[in-house]
Amino acid sequence: MDSGNQPAALPAVSSQSKTIAQERRQQRLILIGVIVFIIIVLALIILAVWFLLQPASPTDRIRDIFIIFMALESLLLGLALVVLIIQLARLINLLQNEIKPILDSTNETVSTLRGTSAFLSDNLVGPVIKMNEYLAGMQQALRIFGLARGKRRNSRNEGE
């Protein structure tokens, strides 16, 4: 064990724990913010209902203002929907005109490579392997008949 490697590993672990702690803090802050927002919205709804139930409240004016706000909201939602449809059309165009040709050329390249590897296997690798088999068989036959010597083993290498 090298003592120089251990201090290098400790900061990595502590930096990971720091980032995990920061992520947990951020998640807690987001959760607290969402809860506070929900409480404020509920309080405003309860307050609005309470004011509207008062006998002297101008309910018709509040109703008209609410209708105007709802109309503005529907306009914004319509605009967002149009933007979404445009983005979807651009994505479809990208997939059809750019990604599909790339995939087609990739498939063509893969099939060409498949054919090339099959050709090399049949016409180069196979014959070389067969030739090595025949040579090894002939070499063994010559050793058996005593016409060729086998490889001498070094006595030092046999013990290892």
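Scroll up to find the structure this text is about.
Residues numbered from 1 in each chain as written. Predicted model: local features only at pLDDT ≥ 70, side-chain atom pairs only at ≥ 80, totals over all residues. Heavy atoms only, no water.

## Some details on the overall build of the chain
Applied cut-off: Secondary structure elements follow DSSP: runs of H or I no shorter than four residues count as helices, runs of E no shorter than two count as strands, and numbering proceeds from the N terminus. Throughout this description, buried means an accessible area under 20% of the type-specific maximum (1.4 Å probe, protein chains only), exposed means over 50%, and partly exposed covers the range between. Here the Shrake-Rupley method, with its probe set to 1.4 Å, supplies the accessible areas, and only the displayed protein chains count as covering residues.
A tally of regular secondary structure across the chain gives 3 helices and 0 strands. In the chain, the succession of α and β elements from N to C terminus is α-α-α. For the chain, buried positions account for 1% of its 160 residues. A total accessible area of about 15100 Å² is found for the chain, and carbon and sulfur atoms account for 67% of it.

## Details of helix 2 (residues 59-145)
The following threshold applies: To get the bend at any residue, fit one axis to the seven residues that end at it and another to the seven that begin at it, then take the angle between the two axes.
Roughly 40° is the biggest bend found in helix 2, and it falls at Ser 121. Positive backbone phi, approximately 80°, marks Gly 146, located one or two places after helix 2.

## Some points on a nonpolar patch on the surface
Stated formally: What makes a patch is a set of residues exposed beyond 30% relative accessible area and free of salt bridges, joined within 9 Å when like-charged and within 5 Å when nonpolar (Val, Leu, Ile, Met, Phe, Trp, Tyr). Salt bridge criterion: a side-chain nitrogen from Lys or Arg within 4 Å of a carboxyl oxygen from Asp or Glu.
Together, Ile 30, Val 34, Phe 37, Ile 38, Val 41, Leu 42, Ile 45, Val 49 and Leu 53 line one region of the surface with nonpolar side chains, adding up to about 870 Å² of accessible area. Of note, Ile 30 is situated in helix 1 (residues 5-52). For Ile 30, a relative accessible area of 58% translates into the label exposed.

## Remarks on the environment of Arg 63
Rules: Whenever two N or O atoms come within 3.5 Å, that pair is a polar contact, provided that in protein one can donate a hydrogen and the other can accept it, and provided that, for residues adjacent in sequence, both atoms are side-chain atoms.
In this structure, Arg 63 sits in helix 2. For Arg 63 and Leu 52, which are 11 residues apart along the polypeptide, the C-alpha to C-alpha distance reads 9.9 Å. Within the structure, the side chain of Arg 63 is placed 3.4 Å from the side chain of Asp 64, a separation counted as a polar contact.

## Digging into the pattern of salt bridges
Tallying each qualifying case throughout the model produces 1 salt bridge. Two residues, Arg 63 and Asp 64, come together in a salt bridge whose shortest N-O distance is 3.4 Å. Judged by its relative accessible area of 48%, Arg 63 is partly exposed.

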